[in-house]
Amino acid sequence: MRTYVEFAIKKFQNKMAYRLEFFMGIVNTIITIVVYLCIYKALYEGKAEVDGISYAMTATSFVISLGLSNAFHFNEMFIQDKIHDGSITNEFLKPVNFVFRLLWENIGEGLFRVVFNFLPAVVFACFYTKLCAPYSMGNFIIMLISVALGYLVLWLLSLIIQVLSFWLFSVWGIMTIKNVIVNILSGVFLPLWFMPDIIKKIIVFTPFESIYFTPIRIYLGEVTGMEMLSKLSLQLMWIGILGGMAGVLWSKGVKKLVVQGG
Amino acid sequence: MENIIEVKNIKRYYKIAKEEKGFWASLKSLVNKKYEIKKAVDDISFEIKKGEITGFIGKNGAGKSTTIKMLSGILYPDSGTVKIDGYIPYKQRKQYVKNIGVVFGQKSQLHWDLPLIESFELMKYIYKIPKKVYEENLKKFVELLDMEDFINQPVRQLSLGQRMRGDIVAALLHSPKLVFLDEPTIGLDVVAKEKIREFIKYMNKNEQTTIIFTTHDMQDIEKVCERLIIIDQGKKVYDGTIAEIKNKYSNIKNIEVMYEDGSKEMKTFDINKIPMNQVMEKLFTEESIKDISICEPEIDGIIRDIYEGKIELNADTKGE
Ligand SMILES: Nc1ncnc2c1ncn2[C@@H]1O[C@H](COP(=O)(O)OP(=O)(O)OP(=O)(O)O)[C@@H](O)[C@H]1O
Ligand SMILES: [Mg+2]
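Structure report, in brief. (Residues numbered from 1 in each chain as written. Chains lettered and ligands numbered in written order. Predicted model: local features only at pLDDT ≥ 70, side-chain atom pairs only at ≥ 80, totals over all residues. Heavy atoms only, no water.)

Quick word on the overall build of chain A
Argument step 1. Regarding its fold elements, chain A presents 11 helices and two strands.
Argument step 2. Along chain A, helices (α) and strands (β) appear in the sequence α-α-β-β-α-α-α-α-α-α-α-α-α when read from the amino end.
Argument step 3. For 262 residues, the compact-globule formula gives about 18 Å, and the C-alpha radius of gyration of chain A, at 19 Å, lands near that figure.
Argument step 4. C-alpha extents for chain A along the principal axes are approximately 65 × 40 × 35 Å.
Argument step 5. Counting all 262 residues of chain A, 51% fall into the buried class.
Argument step 6. Surface summary for chain A: the accessible area is close to 12,100 Å², and the carbon and sulfur share equals 72%.
Argument step 7. Separation of charge centres in chain A, based on 20 positive and 15 negative side chains, amounts to 6 Å. (Helix = DSSP H or I, 4+ residues; strand = E, 2+ residues; numbered from the N terminus. Rg over C-alpha atoms; globule rule 2.2 N^0.38 Å. Buried < 20%, exposed > 50% of the residue type's maximum accessible area, 1.4 Å probe, protein only. Areas by Shrake-Rupley, 256 points an atom, 1.4 Å probe, with all protein chains shown as cover. Lys, Arg positive; Asp, Glu negative; His and termini not counted. Charge placed at Lys NZ, Arg CZ, Asp CG, Glu CD.)

In structure tokens:
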């Protein structure tokens, strides 16, 4: 475990080397927040609620999901690049699990973005517009757990596609499609409350709701008490399913590499 | 001394998809792909004793890296067996790799954005190296390889020679018993090469590390190795000491001929086939020759002759 935490720390430090990228990231996030909040404001046209959802809830939901989607950002072409330049085999020379290593490195990068990108943007957004406070302390803590689980769901989706590069020359196209689908169906830009009913019904059977929307609803108190636990177990179920798929694909891919020689 | 490595009849063939030229041909190949079989390693066997230092040479594409990959557990042989220090590398990879150090000179394993020292620190956690051992090794290696000046620089800013030294240190910090170095001197200047040779020798002598390394530089071999394995087109063509190979090919004479117009030419003769007196006779009948000098075969020349097929190798020249 210590070894893997160390990977996260190193990646965090690694990111510190790129200070310009960090400043640009903040500027970018702030601009995005301003633009979208203007759009939402226009959509509300001064009304207190739309579909029973207040403007403050929408704004909060947007800021949190944008922040999380920034934090959940990592190099999704990593495995493909490693396979292309042949350095993937080097990874097997180390007595560490490559997949866990990758996870922890990505977590390190994510934490960097939370601290240096998300938090400054939240502070800015608080001054800029009125946001909702967490529903309760309990909800806030459960939400943090839910964020971690949501991260794993998203990370595993990405891993599954990354691992396909053992068979496909380029996974860039599939990855792009996945990202578009995730951005729409997980409610980053348009919170899922406002989706048409049919889509809402479909989304229930997909992992997308588990990524950002579950933590947000817990934060806002739309989900409370025992219902929170059932939402967390739904997230866990998706982690199980996606983790299983990724695991099978990964070991098949490694086998292809070491048995067939790439 | 007991064997640390036992390699028996390993083979590794690659299936290479044939690229068809032209639109229809490439469309057809989607359905009916043609493959070419490349025999990268074709029935190689050898044994290596604990504490030995062995040079692995051969032309480009001879199968050196493929062999090293199989020995380090990241590639399955198609057939044959590898047994190293009680492990079957490709089957017990996770356990096995704790005991070895590997450097692929053409591919760095260091963290591009981090200062060198941070990559070393990471090794401490990856291999769970005790603090004391880590600090001792680091101090010693940094001194031996003269790395104080650039150890705090990010790897992306290092020169090739500096980076290579970094890679070697990173692979040895956990004091592995067995080390594979695939072209550790590639692209380095004479001074850097010398440093690395000294270091390899030091590790072998003082830490009893068993070392296998590949190179295209015969100086590396002459200065560092006791033993030499030559492979060609996936087959082992020589396995023995350097002294033996020089001895074995003492029948091969290189004669430098200087012509009257001042031009020089190197001629190779096998005195087992043509005795020296006949060689001389032949040369003296050529009128335009001004001078000749007979050179003892240098290891460089012998190896070149082997690569170029000027020296025929048969079963009894395999050094076994
Ligand atoms: N992954 C691969 N797929 C297909 N063919 C391969 C692969 N790796 C190596 N080969 C082929 O196998 C042969 C041996 O390659 P190898 O890399 O072992 O040579 P080498 O002796 O290390 O050469 P060099 O001195 O140039 O490094 C070459 O003909 C090469 O083209
Ligand atoms: Mg090679």
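Some words on the overall build of chain B
Argument step 1. Tallying secondary structure elements over chain B gives 11 helices and 12 strands in all.
Argument step 2. The principal-axis extents of the C-alpha atoms in chain B amount to approximately 75 × 60 × 45 Å.
Argument step 3. Contacts in chain B between residues at least 24 apart in sequence constitute 69% of all its contacts with a sequence separation of at least 6.
Argument step 4. Charge centroids of chain B, computed over 52 positive and 51 negative side chains, lie 8 Å from each other. (Contact = heavy atoms within 4.5 Å.)

Section: the sheet that holds strand β3 (residues 53–57) of chain B
Residues and elements named next belong to chain B.
Argument step 1. Strand order across the open sheet formed by six strands is β5-β6-β7-β3-β8-β9, with mixed pairing between neighbours. Looking at the sheet topology across the chains shown, the edges are occupied by β5 (100–104) and β9 (235–241). Sheet twist, expressed as the average angle between the axes of neighbouring strands with direction ignored, equals 15 degrees.
Argument step 2. Alignment of β5 against strand β6 (residues 178–182), held across five bridges, turns out to be parallel. Paired with G101 across the strands is V179, a residue of β6.
Argument step 3. Strands β3, β5, β6, β7 (210–214) and β8 (227–232) of the sheet are contacted by helix α2 (residues 64–71), whose axis makes an angle of about 150 degrees with β7.
Argument step 4. Packed on one face of the sheet, helix α11 (residues 299–307) meets β3 and β8 and runs near 25 degrees to β8. (Pairing = 2+ DSSP bridges. Axes fitted to C-alpha atoms, helices over the stretch in contact; angles between N-to-C directions.)

Here we look at the interface of chain B and chain A
Argument step 1. The interface is formed by 28 residues belonging to chain B together with 26 residues belonging to chain A.
Argument step 2. Of all residues in chain B, I74, Y125 and I126 of chain B bury the most surface against chain A, accounting for 24% of the area lost on that side.
Argument step 3. Scanning the region where chain B abuts chain A turns up one salt bridge.
Argument step 4. Among the ionic pairs, E118 of chain B bridges to K10 of chain A, the shortest N-O distance being 3.2 Å.
Argument step 5. The interface formed by chain B and chain A holds five residue pairs in polar contact (both at pLDDT 80 or more) in total.
Argument step 6. For the side of chain B that touches chain A, the secondary structure elements donating two or more residues are β1 (3–17), α3 (93–96), β5 and α4 (116–126) of chain B.
Argument step 7. No other element matches α4 of chain B, which puts six residues into the side of chain B that touches chain A.
Argument step 8. For the side of chain B that touches chain A, the per-class residue count stands at 13 nonpolar, four polar and 11 charged. (Buried area = accessible area lost by both parts, 1.4 Å probe. Salt bridge = Lys/Arg side-chain N within 4 Å of Asp/Glu carboxyl O. Polar contact = N/O pair within 3.5 Å; in protein donor to acceptor, adjacent residues only side chain to side chain. Nonpolar A, V, L, I, M, F, W, Y, C, P; charged D, E, K, R; others polar.)

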